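# Observations on the model geometry
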Amino acid sequence: MEERFDYGLNPKKLGAVSAYLCDPSTAPAEFLLVKSQYQAETARPVERGALFFQIRQAFPPGEVTAEEANKIGYETAMRWTKGKYQFFVCTHTDKGHIHNHIYYNSTAFDRSRKFHNFIGSSFALRRLSDRVCIEHELSYIQNPKLHSKGRFLHYGQWIGEKPPSAQQRVRLAVIAALEKKPADFAAFLRLMEESGFAVKHGRGGVISFLAPGQDKPTRLRASTLGAGFDPEDIRAVIAGERPIPELPQDAPAPPRRVDLVIDIQQRMAQGKGPAYARWAKVYNLKQMAAALQYLREQELADYAALEASTETAVDRFHKLAGELRDTEAALSKTARLMEATVDYAKTRPVFDGYKAARYSKKYLAQHEAELAAYRAAKAAMNEILDGAKLPKIDTLKKSRRELAEKKKALYAEYRQAQADMREAVAVKANIDHLLGVTDGRENKAQER
């Protein structure tokens, strides 16, 4: 840490420096002090993971001064760390281009957490830097070149690939066992044992796998391993009713949110003060920069293209919302029919006995609850079927499972479409505000 910080603070390179919650000259000691406090309060070792992180941010020759570059680096670091981590910014002028070295502590200043790199962090950081540059009317690289292998290296590849997690090892072993086509679930468990996993049977039929060197077993269920890894799913694969589950994809970086610009004049008329006006101007600038970045990323060159793209996003959202409502209604209908069918089957012998007793009042008094359940189940079945033939219970179970899977897939697509629509509508509204488009046109309702 001292070696890296000394490089950043080299007076032969340094053009400007700024810091947050620390003194650059004593930053190593201050960073370690926060880490020791974190370890004392949480009993978690600080040796694991990175001690600090570095961000490098460069500018074209002649575009900014050292002071301006340092200010932009400070703003980038503050927005990246959200003011929760110590950092300092060293602006170097020894090269043909001015560039920043931003060093920030991996432990939060309030000792509440540690910063961990996440999948897509470099992409998220680059987008943040681009947005800050847009807000300051500076250039940024619109189409960064890939390296010779055709893709960027993520942090795990940079420091050396980490071994797969216990959950990933279980997923891979489950897929490998299913590819051998076991005859039944017991044969599947034997294949898992042969691959080195200890099979644990818990209460309620819960099954877990313990990998060599693992302290805590991993449960065989979808909430732990992902969709398709429930015991029922495994049995369905063995029976040939569904394909082998796929490994879950890495979660994408959370989408950004473009909000609507503020009508400052209207807010001022409502009694807002000058401080609010200053904040609102900066806020509006950030939203317009986000809108401009969206237009460039989506390659929307004119207003007509933006309008068409927004309309498409709105229509897609409402179409998916309709499909989701229909699927939920069908799933609810199937579940009600299954429940009524089961109740009918349970209470039908009681009704047959009542009929054989020639509708005896004594028999009715003894079995009043069962007979009431029979009548309710029969009425529900007649209402749902509406004259159609009653399907077999296995058919109903299969239909319910398929509808549940369809609902799950539709809901994920629906949420993404909702986010895309809200962003597109917000961008268009902001562009309309900028262009003064006030012809009374309104977007379709965004909520279901």
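With an unreviewed UniProt entry as reference, the chain is termed Relaxase/mobilization nuclease domain-containing protein, source organism Dysosmobacter segnis.

### What to know about the packing of aromatic side chains
For the structure shown, the criterion picks out 24 aromatic pairs. Ring centres of phenylalanine 317 and tyrosine 414 lie 5.3 Å apart, and the angle between their planes is 25°; this geometry places the pair in the stacked category. Residue phenylalanine 317 is located in helix 12 (residues 303–356), and its partner tyrosine 414 is located in helix 15 (residues 393–435); the two are separated by 97 residues in the primary sequence. Judged by relative accessible area, tyrosine 414 falls into the buried class, the value being 5%. Aromatic rings pair up to connect Phe53, Trp80, Tyr85, Tyr104, Phe115 and Phe118 into one cluster. Positioned above the aromatic ring of tyrosine 7, the side-chain terminus of arginine 4 is 5.3 Å from the ring centre. Sitting above the plane of the phenylalanine 185 ring, arginine 235 keeps its charged end 4.1 Å from the centroid.

### Quick word on the nonpolar core
Ranked by internal contacts, the top residues of the largest apolar core, which has 22 residues, are Val174, Phe185, Phe188, Met192, Phe209, Leu220 and Ile234. Of all the secondary-structure elements, those providing two or more residues to this core are helix 6 (166–179), helix 7 (185–194), strand 6 (207–210) and helix 9 (231–238). With six residues, helix 6 is the largest single contributor of residues to this core. Setting aside its immediate chain neighbours within four residues, methionine 192 contacts Val170, Ala173, Val174, Ala177, Phe197 and Phe209.

### Side note on the sheet that holds strand 2 (residues 52–58)
Spatially, 1-3-4-2 is the arrangement adopted by the four strands of the open sheet, whose pairing is antiparallel. Whereas interior strands pair on both sides, the edge strands pair on one side only; in this sheet they are strand 1 (14–20) and strand 2. Sheet twist, expressed as the average angle between the axes of neighbouring strands with direction ignored, equals 15°. Across the sheet, helix 2 (residues 27–42) touches strand 2, strand 3 (87–92) and strand 4 (99–105), and the angle it forms with strand 4 is around 30°.

### Some details on the pairing of strand 6
Here strand 5 (residues 198–201) pairs with strand 6 via four bridges, running antiparallel. Its bridge partner being in strand 6, histidine 201 is matched across the sheet by isoleucine 207. The hairpin formed by strand 5 and strand 6 contains five residues between the paired strands, and glycine 204 there has a positive phi angle of roughly 70°. Here strand 6 pairs with strand 7 (residues 218–219) via two bridges, running antiparallel. Note that in strand 7 the partner of serine 208 across the bridge is arginine 219.

### Considering the sheet that holds strand 5
In space, the three strands of this open sheet follow the order 5-6-7, with antiparallel pairing throughout. Each edge of the sheet is formed by a strand with only one pairing partner; in this case those strands are strand 5 and strand 7. The strands touched by helix 7 are strand 5 and strand 6; relative to strand 6, the strand with the most contacts, the crossing angle is about 20°.

### Here's the deal with the packing of helix 4 (residues 121–135) against helix 11 (residues 274–297)
Following both chains from N to C, one finds helix 4 and helix 11 inclined at 120°, their axes separated by 9 Å at the closest point. When the axes of helix 4 and helix 11 are compared, the pair comes out oblique. In this structure, the crossing between helix 4 and helix 11 has a hand that is right-handed. Between helix 4, through Arg127, Asp130, Arg131, Ile134 and Glu135, and helix 11, the contact on the second element is made entirely by Leu285, Lys286, Ala289, Ala290, Leu292, Gln293 and Glu297. Taken together, the residues of the contact of helix 4 with helix 11 break down into five nonpolar, one polar and six charged.

### Some words on the environment of proline 182
By secondary structure assignment, the location of proline 182 is in the loop between helix 6 and helix 7. We classify proline 182 as buried; its relative accessible area is 11%. Along the sequence, proline 182 and isoleucine 238 sit 56 residues apart, while their C-alpha atoms lie 6.6 Å from each other. Residues within four places of proline 182 in sequence aside, it is in contact with Ala177, Ala187, Phe188, Leu191 and Ile238.

### Regarding the pattern of salt bridges
Evaluated as defined, the whole model comprises eleven salt bridges. Lysine 13 is the partner of aspartate 94 in a salt bridge, and the nearest nitrogen-oxygen pair spans 3.1 Å. Within this pair, whereas aspartate 94 is found in the loop between strand 3 and strand 4, its partner lysine 13 is found in the loop between helix 1 (2–8) and strand 1, the two being separated by 81 residues in sequence. Salt-bridge contacts for arginine 127 lead to glutamate 297; the nearest nitrogen and oxygen are separated by 3.2 Å. Separated by 170 residues along the polypeptide, arginine 127 in helix 4 and glutamate 297 in helix 11 bring together distant segments of the chain. Among the charged side chains, a network of salt bridges with common partners joins Glu75, Arg79 and Glu135.

Criteria and thresholds
Residues numbered from 1 in each chain as written. Predicted model: local features only at pLDDT ≥ 70, side-chain atom pairs only at ≥ 80, totals over all residues. Heavy atoms only, no water. Phe/Tyr/Trp six-rings, centres within 6.5 Å; stacked < 30°, edge-to-face > 60°. Helix = DSSP H or I, 4+ residues; strand = E, 2+ residues; numbered from the N terminus. Buried < 20%, exposed > 50% of the residue type's maximum accessible area, 1.4 Å probe, protein only. Lys NZ or Arg CZ within 6 Å of the ring centre and 35° of its normal. Core = buried A, V, L, I, M, F, W, Y, C linked by side-chain atoms within 4.5 Å. Contact = heavy atoms within 4.5 Å. Pairing = 2+ DSSP bridges. Axes fitted to C-alpha atoms, helices over the stretch in contact; angles between N-to-C directions. Parallel < 35°, antiparallel > 145°, perpendicular 65-115°, else oblique. Left-handed = near helix turned anticlockwise from the far one by under 90°. Nonpolar A, V, L, I, M, F, W, Y, C, P; charged D, E, K, R; others polar. Salt bridge = Lys/Arg side-chain N within 4 Å of Asp/Glu carboxyl O.

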